Structure formats: C-alpha cells, structure tokens
Amino acid sequence: MANTQLIALERDERIAAAAGRLSLTRREFLQFCAALATTLGLPPGADAAVAEAVATKRRPSVIWLHFQECTGCTESLLRAEHPTLEKLILDVISLDYHETLLAAAGHQAEAARLAAMAENKGQYILVIEGAIPTRNDGIYCKVGGKTALELTHECAADAAMVIAIGSCASWGGMPSTDPNPTGAKGVAEVLGKPVVTIPGCPPNPYNFLATVVHLLTFGKLPEVDHLGRPRFAYSRLIHENCERRAHFDAGRFAMEFGDAGHRQGYCLYKLGCKGPETYANCSVIMFGDAGAGTWPVACGHPCIGCTEQGVGFHKPIHSLAKLKSIQPSVFLPRIVEEQGSGASLGAAALLAAVAGAAVGAGAMLTRNLGLSHQAEELEKAKQNPAQADASTEV
C-alpha cells in the first residue's frame, strides 16, 4: 500500500528545500530518511515522520566534549558518507562545540560553548567522548581550566539528552584498565544516573545519528537496554547476521591466522571471536560506507566484543594462570560436542585473544597454542602414517 503521507511530502516545498541543503534530490532525501527509519526499527510509514522532522524542525544544538580518548569516535564520524560530516553538522544538527572541529580556540572556544548552553538551555544534546578521570579531584584532564569532572556536571545539568559515545565514555574503556591510575570512569557512573550509551571502539556514526533523529522526530529517547544502549542498534547478536555464520553452523573454523580455513573465510570463533556474545549491528550496517566487507570479521579479524561492558580491553588478564581460570563461553559446549576434544584448543585461543586485546599478549599465546597443535598432529602422523595426509586437511 502506498504511503500517502510520503507521497504528499514529495510535493512539499519544505522537503525540496531540505534536500537542497543536503545536496540531494528530493527522492534521495526521502530515501535517506527511510534508511534512518529502518535503522531505528520503526514501523512502515514512520519514514514520513522522520522526513518531516529533519526538514522542518529546528536543528538540535550539540555540545561535544573530549576527555580521555584517542579521538577514534570523532574519526569514525568524519568518515560518514550519508550524510557527510559537513552536511550533518550544518543541516541535520548544530554542532556548536567540538574541540577537534572548532575553528576557534582557547577563550573563544569556551565562550562558544557557554553561549550555546545558555541559548539552548534544557534543549541541547550533550555528547561525551572519552573516559572521565576522577582520582585526585580529576586533575588528570582539564579543558579551559576546568577538570573533566567539573565540565561533565556543568554541561549535563541543563542538557535534554546525554550521550556517552564510544566504549571509553560508556564505561571507562581502555583508560580504566588496571591499575587505572587516574580513576577513569564512564559518564553514567560519574553522573550517578542513566545516560544513552553508544559503545564501540569506535562506534558506528549512524547509531549516533539515528539516536539524535529519534529525539528530533518523537521528542523522546529511543528505547534502551539495561546498559543504556539503544535497542535498535544493540538488541541482536553480531553472530546472528555474520557472513561466516554458515561455517560456524557447519563446524568449519579457522585454527590459525593465515591457515587454509582462515583464507577460505571460515568462522573465527576459535581465534577468539566474541560475535556469539556481543550485541551490536556491525555485521549489518558495516563501517566506512565502502560496501560489503567493511567490518573486522569480514576482513579476517575476530570481533573483540568492544560494545560489551567488562570484556575485551576493559578488564585485562595479566597471566596465563588467570587466563585458565576464566569460564569458557556458553557456546563452547556445543562446539565440544560437535568437534570433540580439539575444541579445547578453540577455548584457549578464545581466552588468549581476550587477554591480547588488553595487554598485547593474545597473538603470542594463540601462536604458541597453534604450534602445540601442529606438534600433536605431527606426533600422531608418526604413530599412524596412513592418516598423515588426512590429518592435515581442513
């Protein structure tokens, strides 16, 4: 059934004006809004509401703060193509303060922040990138003479929405790893109240854009899970839509980086992939607008679970003894049943990869385990030469 509201909007001059500002045709603009509605998981017909909101409502003011981070979240935003960054900040949102992108500096930059907060009191969106140091009254990070702690509380007081973008802002990320000398924490923990979290290292820029457009369209936050993550982006496991899923179901796994299975695109679970227990939409919307294959697993690297709290680099493992003490994934029993005792190598490789994401040891451990596996196969071949060729096939 045709969407009569959308047909009417196609003839609306406001839509034509909005499309012109974004350097899009009227149809391309409506397709862009339909894509946002789909990303948000909205029902049929909601694309018309999104289009009308983007075309007619006042652009929301955004104050973007930087603390303990690598600027990777902003770098991800810079590489967005639909729309590109300049179209996003000039025609969809009003990015009034962003230390990396501001032309102004020093006192002028801080004056722009204060002016935007005063003019949009109770209506602006506060975005925080990076963890917040709290030890010794937060002296380890200062901007404009104020600590990150002070700026967080000051800017959050009159914000309509607080968004923690990236894993560092969401729950501490890399800066909070042991021994955490600066007392780095996530935004929600510092503020003592729930905030919208868009984790990832880096997060996908369209998850941020869709969250803002949801507020613009409906005047409220999108539905979130217990960690504050928008359900439209973080309600399904990466594993469910992974292009390597068929290999997982068939029991075909890469055992080492560069082996035959790895080259043929086999499942990376035994190399430490956290896809079966990581909630995110990376396998669906990809990264970089370059089409299929533009996310880590498609490129041959296991998912490290960067959108989950307490995994990957967040809590490092400093010794093999600690590594052995960790309980395997809930998916492991199925693999043991299908693959036999050889799955123990997969469990060890999985845990080694988790440790390596934090302390750089995973690659070495995985390699050592792989060499041990090769040694076992060679020993079997000596004892039973008739099976020597079969034992090396993948």
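Residues numbered from 1 in each chain as written. Predicted model: local features only at pLDDT ≥ 70, side-chain atom pairs only at ≥ 80, totals over all residues. Heavy atoms only, no water.

What about the overall build of the protein?
Along the backbone of the protein there are 20 helices and nine strands. Taken over 394 residues, the protein has a buried fraction of 51%. Partitioning the intrachain contacts of the protein with sequence separation of at least 6 by distance along the chain shows that 72% fall at a separation of at least 24. About 18600 Å² of surface is accessible on the protein, with carbon and sulfur atoms providing 55% of the total. (Helix = DSSP H or I, 4+ residues; strand = E, 2+ residues; numbered from the N terminus. Buried < 20%, exposed > 50% of the residue type's maximum accessible area, 1.4 Å probe, protein only. Contact = heavy atoms within 4.5 Å. Areas by Shrake-Rupley, 256 points an atom, 1.4 Å probe, with all protein chains shown as cover.)

Topic: the pairing of strand 2 (residues 94-98)
In terms of residue burial, strand 2 counts as a mostly covered element, since four of its five residues are buried. Sheet analysis places strand 1 (residues 61-66) next to strand 2, joined by four bridges and oriented parallel. For Val62, the partnering residue across the bridge sits in strand 2 and is Leu95. (Pairing = 2+ DSSP bridges.)

Re the packing of aromatic side chains
Considering all chains together, one arrives at three aromatic pairs under this definition. Geometrically, the ring pair formed by Phe248 and Phe253 is edge-to-face, given 5.8 Å between the ring centres and 85° between the ring planes. Both residues of the pair, Phe248 and Phe253, count as buried. Residues Phe248 and Tyr269 carry aromatic rings whose centres are separated by 6.0 Å and whose planes lie at 75° to one another, so their mutual orientation is edge-to-face. With Phe248 in helix 13 (residues 245-250) and Tyr269 in the loop between helix 14 (260-263) and helix 15 (282-285), this pair connects stretches of sequence that are 21 residues apart. For the pair Phe248 and Tyr269, a shared accessibility class is recorded, and that class is buried. Cluster of aromatic residues (ring-pair linked, three or more members): Phe248, Phe253 and Tyr269. The side chain of Arg252 reaches across the aromatic face of Tyr266, ending 5.9 Å from its centre. (Phe/Tyr/Trp six-rings, centres within 6.5 Å; stacked < 30°, edge-to-face > 60°. Lys NZ or Arg CZ within 6 Å of the ring centre and 35° of its normal.)

Topic: the sheet that holds strand 9 (residues 196-198)
Strand order in the open sheet made by the five strands is 2-1-3-7-9, with parallel pairing throughout. The sheet is open, and its two borders are formed by strand 2 and strand 9, each paired with just one other strand. Taking each pair of neighbouring strands and ignoring which way they run, the sheet shows an average axis angle of 20°. Two elements, strand 3 (residues 125-129) and strand 7 (residues 161-165), share five bridges in a ladder whose sense is parallel. (Axes fitted to C-alpha atoms, helices over the stretch in contact; angles between N-to-C directions.)

Overview of unusual backbone geometry
Most peptide bonds take the trans configuration, and most residues that are not glycine carry a negative phi. Asp178 connects to Pro179 through a cis peptide bond whose omega is 5°. As for its placement among the helices and strands, Pro179 is situated in the loop between helix 9 (167-171) and strand 8 (184-185). Pro202 follows Cys201 through a cis peptide bond whose omega is 5°. Within the secondary structure, Pro202 sits in the loop between strand 9 and helix 11 (205-218).

Re the pattern of salt bridges
Considering all chains together, one arrives at nine salt bridges under this definition. Each member of the salt-bridge network shares a partner with another, and the members are Glu110, Arg113, Lys146 and Glu154. (Salt bridge = Lys/Arg side-chain N within 4 Å of Asp/Glu carboxyl O.)

Quick look at the environment of Cys33
On the secondary structure map, Cys33 appears in helix 3 (residues 26-39). With 22 residues separating them along the chain, Cys33 and Ala55 place their C-alpha atoms 10.0 Å apart. In this structure Cys33 touches Asp47, Val50 and Ala51, once residues within four positions along its chain are discounted.

So, the confidence of the model for the protein
Residue-level pLDDT values for the protein average 77, and 72% of them are 70 or greater. Element-level mean pLDDT values for the protein span from 34 in helix 17 (residues 332-339) up to 97 in strand 4 (residues 132-133). Across residues 314-375, confidence stays below pLDDT 50; counting only partners more than four residues off in sequence or on other chains, it has 86 contacts. Within the model, pLDDT remains below 50 along residues 387-394, and this stretch shows five contacts once partners closer than five positions in the same chain are excluded. (pLDDT = per-residue confidence, 0-100.)

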